[in-house]
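Here's the letter readout for the chains.
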Amino acid sequence: KTVIGVLASGRGSNLQAIVDAIESGRLDAKIGAVISDNPKANVLTRMADTDIPTVCIDRRQFSSRQEFEAAVAEELNIRHVELVVLAGFMRILTPYFIERFRGKIMNIHPALLPAFPGENAQQQALEYGVKVSGCTVHFIDEGMDTGPIILQEAVPVLEDDTVDTLSERILHTEHILYPRALALYCEGRLQVEGRRVRIE
Ligand code: GAR
């Protein structure tokens, strides 16, 4: 089984979808650790009655980004994590961390990249006036949401959408797409060739 480490900062609904996929046998992986940079994150309480280890590494207790990331990397290594999964992790990782886990960090983004990278992707989509948005699972590289794309799914933007209603519709799709992308990785079916990810 591939050991995955999940980094999350908030609600943790994507983590929940991953846990559910493992429990139902759709994803053959083991969660070695859930790490949150935020001591108040709902994601930590969500895992409280499971046997999944949770660790809080509070960014404010470190004097630099690199020291914080070194602590996160250390924890992932102790838990023998082979794939780092970002699930609502709201910090930008530096090249130092990305180099340590090169090609082994996945992220989900609530837009069809390369459209609307960065924060508030759903709001950006509404403000731009697109009729279709969606979500993207991709590998992380040094850029902001620029790494090789693994899977994408389109979601319609409706006339009377607000940020909340659009976010919810996209989130529903995220919960299906992320476990699917992880399963492809764990089955050894993803081949990265430059920018392109081939699914075998
Ligand atoms: C998700 O919509 C995810 O795509 C987004 O944060 C939410 C986390 O929800 N991530 C980003 O915007 C990354 N830039 P969750 O904590 O319930 O999984």
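Quantities reported herein were computed from a predicted structural model and do not represent experimental measurements.

A few words on unusual backbone geometry. Keep in mind that most residues, glycine aside, have a negative phi and that most peptide bonds are trans. Residue Pro114 is reached from Leu113 by a cis peptide bond, and omega for that bond is 10 degrees. With respect to the element layout, Pro114 can be found in the loop between β5 (105-109) and α5 (121-128). In this structure, His80 is a non-glycine residue whose phi angle is positive, near 60 degrees. Secondary-structure assignment places His80 in the loop between α3 (65-78) and β4 (83-86). Note on His80: relative accessible area 61%, which makes it exposed. A positive phi is found at Phe116, a non-glycine position, where the angle reads about 55 degrees. With respect to the element layout, Phe116 can be found in the loop between β5 and α5. Taking the relative accessible area as the measure of exposure, Phe116 reaches 13% and is therefore buried.

Conventions used here
- Residues numbered from 1 in each chain as written.
- Predicted model: local features only at pLDDT ≥ 70, side-chain atom pairs only at ≥ 80, totals over all residues.
- Heavy atoms only, no water.
- Helix = DSSP H or I, 4+ residues; strand = E, 2+ residues; numbered from the N terminus.
- Buried < 20%, exposed > 50% of the residue type's maximum accessible area, 1.4 Å probe, protein only.

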